[in-house]
Amino acid sequence: MIRVGLLLGLSVLSAFVPGVPGGMAVSMILASVAGYGSVRFHDAADTLAFAGHPEAGSTLRVARFCDDLAVALCVLALLYAVHPF
């Protein structure tokens, strides 16, 4: 959780640095929000699985989707950094 908050804070601050592409800052902010959701959904899935609820599988799928979304947004930010549009 601390790493997600730190990434979100640094991503927001990078929006105010001159020379940083706006698309990169926005995609990193969205990636950190998706990472935060992933952490929360993984925690909820673990709790549900421990309690034996059948919703644990669908919650874990949402958490994995958030993982993939965060990685895709980080790759998009890298593309903006390498070749600003």
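The structure displayed is predicted, hence computed values, not measured ones.

(A) Inspection of helix α2 (residues 22-51) at higher detail. Between its first and last C-alpha atoms α2 spans 44 Å; for 30 residues at 1.5 Å apiece the expected length is 44 Å, and the two agree. Turning to α2, its buried residues number three or more, namely Ala25, Ser27, Met28, Ala31, Ser32, Ala34, Gly35, Gly37, Ser38 and Ala45. Summarising the contacts, the buried residues of α2 are in contact with α1 (2-14) and α3 (56-82).

(B) Local environment of the packing of α1 against α2. Taken N-terminus to C-terminus, the directions of α1 and α2 make an angle of 165°; their axes are 8 Å apart at the nearest point. Considering their axes alone, α1 and α2 lie roughly antiparallel with respect to each other. In the packing of α1 onto α2, the handedness of the crossing is left-handed. Contact residues: α1 offers Val4, Leu7, Leu8, Ser11, Val12 and Ser14, while α2 offers Ala25, Met28, Ile29, Ser32, Val33, Gly35, Tyr36 and Val39.

What counts, and where the lines are drawn
- Residues numbered from 1 in each chain as written.
- Predicted model: local features only at pLDDT ≥ 70, side-chain atom pairs only at ≥ 80, totals over all residues.
- Heavy atoms only, no water.
- Helix = DSSP H or I, 4+ residues; strand = E, 2+ residues; numbered from the N terminus.
- Expected span 1.5 Å × (residues − 1).
- Buried < 20%, exposed > 50% of the residue type's maximum accessible area, 1.4 Å probe, protein only.
- Contact = heavy atoms within 4.5 Å.
- Axes fitted to C-alpha atoms, helices over the stretch in contact; angles between N-to-C directions.
- Parallel < 35°, antiparallel > 145°, perpendicular 65-115°, else oblique.
- Left-handed = near helix turned anticlockwise from the far one by under 90°.

These figures come from the coordinates and say nothing about function on their own.
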